[in-house]
Each structure stands twice: as C-alpha cells, then as structure tokens.
Amino acid sequence: MAKTLRVIVPPHPLIAHWLTMLRHVGTPPSLYRTALEELGRWLTYEALRDWLPHRREEVQTALELTEGTVIETGVPLLAVPSLPGGLMLWEGARQVLPHAELCLGGLPETIEANAGLVLLIDQISDGEELVGLMEELVSKGVESRRLRVISALTASPGLKRLGETFPELTIHTACIDEELNADGQISPGIGNTSQRLQIRTAPST
C-alpha cells in the first residue's frame, strides 16, 4: 500500500473561530497573537489523541482500588517551534504539553532514540522550511512516525511537496488553502505573521 501524507483538519468550531480571527485584516496584533495561541492549544490537543505515550495504572481512590491512565513522562517530548510565529503556537500548546522540553533556535545536537517531537510552524506555504527541517531530522535518525506537525494554516503546493518527500508525516492544521499568490504567500491566507504580530526580525546574512 502506498504511503500518503496525513493532513488532519479537525472539524471543531473553536478552531474555525480562531482561524477566522487570523484571517480578518482588522484583527489587532494582541488578538492575532491570542488566535495563534488558541490554535496551538486546540490543534495540539487533537494531535495527541492517538499519539501521546501512556499506560494503565492502578490508583487508590477514597473508597477502593481502580484503574486509570497516566502519561508516560519518562518518554522525552521535544517542542520545536519555527520563529517567530511558531513560538505563539507553542504558548498555547504548552498548556497540553506540560512535560515537553522547548527547543529554541533549531534542533538540539542530540535527540534521544525514543523521543517524540512536536514541530510548530505558523504557516506551511511552499513547504521549503519544513522540508529543510525534516531533512535535518532524518540525518539525526528521527523517523516521521515520531513526529507531529502543528500549523495554523497550510497550502496545497507545500503539502504536495511534503507528500512527495515525506509521505509518512502527519500534520494537524486549521485549514488547507489551495493557492499561493505571485509573492509565494498563501491565498486567501492569514497575512504575514511577523508583520501582523508587529515583530521586527533581523535581516538574514
């Protein structure tokens, strides 16, 4: 059976609401930031549903023994946000990933063999950024099954490129837009994340 990229768009009204706040040209920076945080939280919550390591364990209640479920905190979990927009997604995701370690400025030099990774990217347009990150992960021996990608918005051209290169990847996103404009921006899109957050970035060298 051919492997195909899994792109999951949860049909949740809260996710749709916060995406609409990102899309609206009149949304102020403070609310735009909140919208990214909320999408980070709800999309990560959905992504963990069938992926987060857990185990059954007996617990003593006030009356008797019963069986419950607990998260395997001994399994390393790394959060890797793209900067700056992915960091806003992380601010929401951290509420459902209290034991995750935050990796800023790229991947750590060493990644444990059993570690899970959550990649947070505000937008996937042509897929170039994520392809580069995936190539680096592959060089470190990290398989796609150990990853979950969280993105507020994706575009079909970027997903097509990722599907051709990394078909085992799983992406959770609020929406898939069909097109990129002449400047390579997602259309209708959510605008330039840095500009809408009023963030100034240093020029690349």
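Rules of the game
Residues numbered from 1 in each chain as written. Predicted model: local features only at pLDDT ≥ 70, side-chain atom pairs only at ≥ 80, totals over all residues. Heavy atoms only, no water. Helix = DSSP H or I, 4+ residues; strand = E, 2+ residues; numbered from the N terminus. Rg over C-alpha atoms; globule rule 2.2 N^0.38 Å. Buried < 20%, exposed > 50% of the residue type's maximum accessible area, 1.4 Å probe, protein only. Contact = heavy atoms within 4.5 Å. Core = buried A, V, L, I, M, F, W, Y, C linked by side-chain atoms within 4.5 Å. Axes fitted to C-alpha atoms, helices over the stretch in contact; angles between N-to-C directions. Parallel < 35°, antiparallel > 145°, perpendicular 65-115°, else oblique. Left-handed = near helix turned anticlockwise from the far one by under 90°.

K.L.:
Would you take a moment to explain the overall build of the protein for this structure?
P.N.:
Counting its regular elements, the protein contains six helices and 11 strands. Taking 17 Å as the expected radius of gyration for a compact globule of 205 residues, we find that the protein reaches 18 Å, a close match to that expectation. Residues counted as buried form 43% of the 205 residues belonging to the protein. Intrachain contacts of the protein at a sequence separation of at least 6 include 68% that bridge at least 24 residues.

K.L.:
Sorry if this is basic, but what is going on with the nonpolar core here?
P.N.:
The tendency in soluble globular proteins is for nonpolar side chains to be buried as a group. Ranked by internal contacts, the top residues of the largest apolar core, which has 32 residues, are L22, L36, L39, L97 and L120. Contributions of two or more residues to this core are made by helix 1 (13-23), helix 2 (29-47), strand 4 (77-81), helix 3 (85-93), strand 6 (116-124) and strand 7 (147-155). Top element by residues in this core is helix 2. It accounts for six residues. Those residues in contact with L120, other than ones at most four positions away along the chain, are T44, A79, V80, P81, S82, G86, L89, W90, A93 and I150. Formed by 24 residues, the second largest nonpolar core is a distinct cluster that contains I111, L119, F166 and L169.

K.L.:
Just to check I follow, could you spell out the packing of helix 1 against helix 2 for this structure?
P.N.:
When two helices pack together, their arrangement is given by the angle between the helix axes and the distance between those axes. Their axes nearest at 9 Å, the elements helix 1 and helix 2 cross at an angle of 150°. As judged from the angle between their axes, helix 1 and helix 2 are roughly antiparallel. The way helix 1 lies across helix 2 gives a crossing that is left-handed. Along its contact with helix 1, which presents L14, I15, W18, L19, M21 and L22, the element helix 2 presents L31, Y32, T34, A35, L36, E38, L39, W42 and L43.

K.L.:
Would you take a moment to explain helix 3 for this structure?
P.N.:
Most of helix 3 is tucked away, with seven of its nine residues classed as buried. Contacts made by the buried residues of helix 3 are with helix 2, strand 4, strand 5 (101-102), strand 6, strand 7 and helix 6 (193-196).

K.L.:
Explanation requested: unusual backbone geometry in the structure shown.
P.N.:
Excluding glycine, residues mostly have negative phi values, and the peptide bonds linking residues are mostly trans. Note the cis peptide between L83 and P84, where omega equals 5°. Of note, P84 is situated in the loop between strand 4 and helix 3. Between S187 and the following residue, P188, the backbone shows a cis peptide bond with an omega angle of 5°. Secondary-structure assignment places P188 in the loop between strand 11 (186-187) and helix 6. The backbone phi angle of Q198 is positive, close to 60°, even though this residue is not glycine.

Distances and angles like these do not, on their own, reveal function.
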